Amino acid sequence: MNPTTFDLFADAEPVQQPRREQIGEQSYVLRSFALPWLDRLLPALETVLAAAPFRQMITPGGFTMSVALSNCGTLGWTTDRSGYRYTRNDPQTGLTWPRMPDVFFELAQAAAREAGFATFTPDSCLINRYVPGAKMSLHQDKDENAYAAPIVSVSLGLPAMFLFGGFERSNKSQRVPLLHGDIVVWGGVDRLRYHGVLPIKEGQHSRLGEQRINFTFRTAG
Ligand code: SIN
Ligand code: FE2
């Protein structure tokens, strides 16, 4: 291969180039957007999880969620027999949720801006852990005080099939494959769209092992 051919080939390399795909009027998938942040994100995640470890919670209907969760930020999303809600304290430790690391906040803001939401000040980051077989049924994010702010949802580790539906549970959903580093942002007229995640398939991710981690940033309070 002569040097000219080599240079052309390098320029054409498509891997890990961020791309923006529109999936709704005010909804986007930002491909690979989180990858450049990973070396700062993962140590910050470890610090959060040391203070507030993953745990499986019980739904109001009495089922144990297949997804394990934790939170950081002023408010954390929780569920138990008495309902879904945001709390300032981790019910397991009684302590406030760990503060949101700066790198989390900066990434969420940058992604929101890329999707057309110029100001986003998340006060909550739900951290979901999916092992193979774990899933998230179709739901709307409705536990927040207001719906003016978008949702910013970061995918790490094993791939997932994200379902992006309409405003009724029975509406047909788009299937959006999500890979390590992809971010979905939805808000504005799309803020209350149903969404979910199909059961995660078996696999090993080179960086995160046998799991998918999702961060969901919201303005909850
Ligand atoms: C959620 O809707 O809470 C999680 C979505 C995801 O894991 O991608
Ligand atoms: Fe959700």
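Our structure's up above, just so we're on the same page.
First, a word on what this report is: a plain description of the structure on this page. (Residues numbered from 1 in each chain as written. Chains lettered and ligands numbered in written order. Predicted model: local features only at pLDDT ≥ 70, side-chain atom pairs only at ≥ 80, totals over all residues. Heavy atoms only, no water.)

Attention now moves to the environment of Gly-73. Structurally, Gly-73 is set in strand 4 (residues 64–73). What makes Gly-73 buried here is its relative accessible area of 8%. C-alpha of Gly-73 to C-alpha of Trp-97: the two residues are 24 residues apart in sequence and 6.3 Å apart in space. When sequence neighbours within four positions are dropped, the list of residues in contact with Gly-73 reads Trp-97, Pro-98, Arg-99, Met-100 and Asp-123. (Helix = DSSP H or I, 4+ residues; strand = E, 2+ residues; numbered from the N terminus. Buried < 20%, exposed > 50% of the residue type's maximum accessible area, 1.4 Å probe, protein only. Contact = heavy atoms within 4.5 Å.)

Turning to the sheet that holds strand 9 (residues 151–157), a few remarks are in order. Here eight strands make up an open sheet; going across it, the order is 1-2-12-9-14-7-4-3 and the pairing antiparallel. A strand with exactly one partner marks an edge of an open sheet, and here the two such strands are strand 1 (19–24) and strand 3 (55–58). Taken pair by pair, the neighbouring strands of this sheet meet at an average axis angle of 25°, ignoring direction. Sheet analysis places strand 9 next to strand 12 (residues 183–186), joined by four bridges and oriented antiparallel. (Pairing = 2+ DSSP bridges. Axes fitted to C-alpha atoms, helices over the stretch in contact; angles between N-to-C directions.)

This part takes up the pattern of salt bridges. All told, the structure shown has 12 salt bridges when counted by the stated rule. Residue Arg-218 pairs with Asp-141 through a salt bridge whose shortest N-O separation is 2.9 Å. Note that Arg-218 is positioned in strand 14 (residues 212–218) and Asp-141 in the loop between strand 8 (136–139) and strand 9, a separation of 77 residues in sequence. Accessibility expressed as a relative area gives 6% for Arg-218, which makes it buried. The exposure class assigned to Asp-141 is buried, which follows from its relative accessible area of 4%. (Salt bridge = Lys/Arg side-chain N within 4 Å of Asp/Glu carboxyl O.)

A polar atom in the side chain of Arg-218 sits 3.0 Å from the side chain of Tyr-86. Excluding its chain neighbours within four sequence positions, the residues that come into contact with Arg-218 are Trp-77, Tyr-86, Phe-120, Pro-122, Asp-123, Ser-124, Leu-126, Asp-141, Glu-144 and Ile-151. (Polar contact = N/O pair within 3.5 Å; in protein donor to acceptor, adjacent residues only side chain to side chain.)

Bringing the packing of aromatic side chains into the picture now. For the structure on display, the rule yields seven aromatic pairs. The interplanar angle of 45° and the centroid separation of 5.7 Å between the aromatic rings of Phe-162 and Trp-186 together place this pair among those described as tilted. Residue Phe-162 is located in strand 10 (residues 160–164), and its partner Trp-186 is located in strand 12; the two are separated by 24 residues in the primary sequence. Residue Phe-162 is classed as buried on the basis of its relative accessible area, which comes to 4%. Cluster of aromatic residues (ring-pair linked, three or more members): Phe-104, Phe-215 and Phe-217. Sitting above the plane of the Tyr-28 ring, Arg-20 keeps its charged end 4.0 Å from the centroid. Against the face of Tyr-130 rests Arg-212, its NZ or CZ located 4.9 Å from the ring centre. (Phe/Tyr/Trp six-rings, centres within 6.5 Å; stacked < 30°, edge-to-face > 60°. Lys NZ or Arg CZ within 6 Å of the ring centre and 35° of its normal.)

On to the packing of helix 2 (residues 38–51) against helix 3 (residues 102–114). Helix 3 packs onto helix 2 with a crossing angle of 130° between their chain directions and a minimal axis gap of 9 Å. On the basis of the axis angle, helix 2 is oblique to helix 3. Here the hand of the crossing between helix 2 and helix 3 comes out left-handed. Contact with helix 2, carried on its side by Arg-40, Leu-41, Ala-44 and Leu-45, involves Val-103, Phe-104, Glu-106 and Leu-107 of helix 3 and no other residues of that element. (Parallel < 35°, antiparallel > 145°, perpendicular 65-115°, else oblique. Left-handed = near helix turned anticlockwise from the far one by under 90°.)

For the rest of this paragraph, the subject is the coordination of the iron ion (ligand 2). Looking at the metal site, the iron ion (ligand 2) is ligated by His-139 (NE2), Asp-141 (OD) and His-195 (NE2), spaced 2.1 to 2.2 Å from it. Summarised as a motif, the one-chain spacing of the donors to the iron ion (ligand 2) is H-x1-D-x53-H. On the criterion of sequence distance, the pair formed by His-139 in strand 8 and His-195 in strand 13 (residues 195–197) is long-range, its members being 56 residues apart. Using a relative accessible area of 23% as the deciding quantity, one classes His-139 as partly exposed. With a relative accessible area of 5%, His-195 lands in the buried category. (Donors = N, O, S within 2.8 Å, 3.2 Å for Na, K, Ca; no water.)

One can find Leu-198 in the loop between strand 13 and strand 14. Under the relative-accessibility criterion, Leu-198 is labelled partly exposed at 25%. As for Leu-198 and Leu-158, which are separated by 40 residues in sequence, their C-alpha atoms are 12 Å apart.

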